[in-house]
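Analysis of the macromolecular model
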Amino acid sequence: MRRVVRVLTRAPSNIALIKYMGKKDAANQLPDNGSLSMTLDRLCSFVELSIGAGTSDPVEWLPELPEGAPAHARVPELEGPGILKVRRHVERVREAMPSLLEAFGLGASGDGASRQPFVLRTANTFPQASGIASSASSFAALTLAVAFACARDPDGFNKIYLENKSLVRALAALSRYGSGSSCRSFEGPWVEWEGEETHGVTSGLPELRHLVLVVSEKLKRVSSSQAHLAVKTSPLWQGRVERATARRVSLKAALALGELATISRIAWAEAWEMHSLFHTASQPFSYWEGGTMDLLQWLAPAMQGDSPPIVTLDAGPNTHLTCLSEQLEHWKGRIQRDFPGISVLEDQPGVGARLVQVQ
Ligand code: PMV
């Protein structure tokens, strides 16, 4: 058994085709409706956690690149409230770990390491405001890092983590308290979140590629917490849970059969509906920039084709496009030709949060 002194984890972001928008129970972070997302791969967060590294603060976050993260990764700009949210989540996971470990026949760190100060360094491989949920990837990577730091036998813990989906899902449920959508970043590629539970969803689709079309890197003015409340003031909120649920059921069936045109149609309708909720709230707001509308109108005709791309937007101005891998060059070429100024991030479906190193 070795004493853990440093842990490095990585977790990808995920993009929802059926959105989590609206909380049924804010204290327990329970959504009004179930959601379904695709886990990404290289668009991810890294968290480095060092134990007892000379600080008196129980949880200290340093604005430095984690050792072992790729050089192009960026350290997020975290201020007071953001740092506090991180600290609270670390404490929450630290509290929960002994009984969670015990439930899986694993021991908690016996030398008190889990009670020693933690020093954190975090980074994302994508720009903070690029329309990719950095809170999903960062809280998933953070939850996993704290979990490893609390385990007596990190290698045994990792073995079970890689084999046993119940452990993965128990950690996902814990992560949900830090950021709701982070619970979908623990497995992949397709994940459904309903109530307190997450699980994988079968897909019959061939190999896919993912593009994020970044029209703006401005920080969003309305946080997702504010959006979860505001949508309920829209007249379109009525019937929302039923519509999202019906779409989720249809999406799962279409995914299992690999019916791309149906998947694409459902995702397109769902993205427009979520943004319509924002646009029709009692105090209307929009995440869109001029470039968003240009892109959506440019993409609309492609939605009628036989193998359309899957297009969606998060709570931001940037557009996500998932296509068959054989169509990647076609889409990149068309985007470069018609939107030469736009920056495009490239990714693919992934497997979820993983340990990178433990020492
Ligand atoms: O996890 P939160 O509270 O940041 O909410 C995420 C909400 C959306 O990203 C807009 C939709 C989703 O399901 O990911």
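You'll find the structure just up there.
Here is a short report on the structure shown in this document. Every residue gets a number counted from 1 within its own chain, in the order that chain's sequence is written. Residue-level local features of this predicted model are given only where pLDDT is at least 70; pairs of side-chain atoms are given and counted only at 80 or more, and the full residue set underlies all totals for whole chains, interfaces and linings. Water and hydrogen atoms were dropped before computing side-chain values, which therefore reflect all heavy atoms in the structure.

Notes on the overall build of the chain
Put simply, the rule is: Each helix is a run of H or I in the DSSP string that is no shorter than four residues. Each strand is a run of E no shorter than two, and both are numbered from the N terminus. Just to be clear, the radius of gyration here is over C-alpha atoms, and the globule rule we use is 2.2 Å times residues to the power 0.38. Only protein chains enter the accessibility calculation, which uses a 1.4 Å probe; a residue whose area is less than 20% of its type maximum is buried, one above 50% is exposed, and one in between is partly exposed. Contacts are assigned to residue pairs with any non-hydrogen atoms lying within 4.5 Å of each other. Only the protein chains shown count as cover for residues, and the accessible areas themselves come from Shrake-Rupley with a 1.4 Å probe. Here Asp and Glu are counted as negative and Lys and Arg as positive; His is not counted, and neither are the chain ends. Charge coordinates come from a single atom per side chain, which is NZ of Lys, CZ of Arg, CG of Asp or CD of Glu.
Helices and strands together make up the secondary structure of the chain, namely nine helices and 13 strands. Relative to the compact-globule value of 21 Å for 359 residues, the chain shows a C-alpha radius of gyration of 20 Å, a close match. For the chain, the residues scored as buried account for 55% of the 359 residues in total. For the chain, contacts bridging at least 24 residues in sequence account for 78% of all contacts bridging at least 6. Counting every atom, the chain has about 14700 Å² of accessible surface; 51% of that belongs to carbon and sulfur. Of the charged side chains in the chain, 37 are positive and 37 negative, and the gap between their average positions amounts to 2 Å.

Here we look at the environment of V191
Relative to the helices and strands, V191 is located in strand β7 (residues 190-194). Beyond its immediate chain neighbours, meaning those up to four positions away, V191 contacts S35, L36, S37, T39, R184, T198, H199, G200 and V201.

As for unusual backbone geometry
Of the consecutive residues G188 and P189, the connecting peptide bond is found in the cis state with omega at 5°. With respect to the helices and strands, the residue P189 is situated in the loop between α4 (165-175) and β7. In this structure, Q29 takes a positive phi of about 50° despite not being glycine.

Quick notes on the site of the ligand
Quick reminder of the rule: Whether a residue is near a molecule or strand depends on its heavy atoms: it is near if one of them lies within 4 Å of it. Pairs of N or O atoms are called polar contacts if they sit within 3.5 Å, as long as, within protein, a hydrogen donor faces a hydrogen acceptor (for residues adjacent in sequence, only side-chain-to-side-chain pairs). Gly is placed with the polar residues, together with every amino acid not listed as nonpolar (Ala, Val, Leu, Ile, Met, Phe, Trp, Tyr, Cys and Pro) or charged (Asp, Glu, Lys and Arg).
The environment of the ligand is formed by 14 residues, the closest being Y20, S181, R184, S224 and H228. Y20 is positioned with one of its backbone polar atoms (N or O) 2.8 Å from an oxygen atom of the ligand. Contacts to the ligand include S181, whose side-chain N or O atom sits 2.7 Å from an oxygen atom. Here the ligand loses 93% of its free accessible area of 380 Å² to cover by the protein chains. Partitioning the shell around the ligand into residue classes produces five nonpolar, six polar and three charged.

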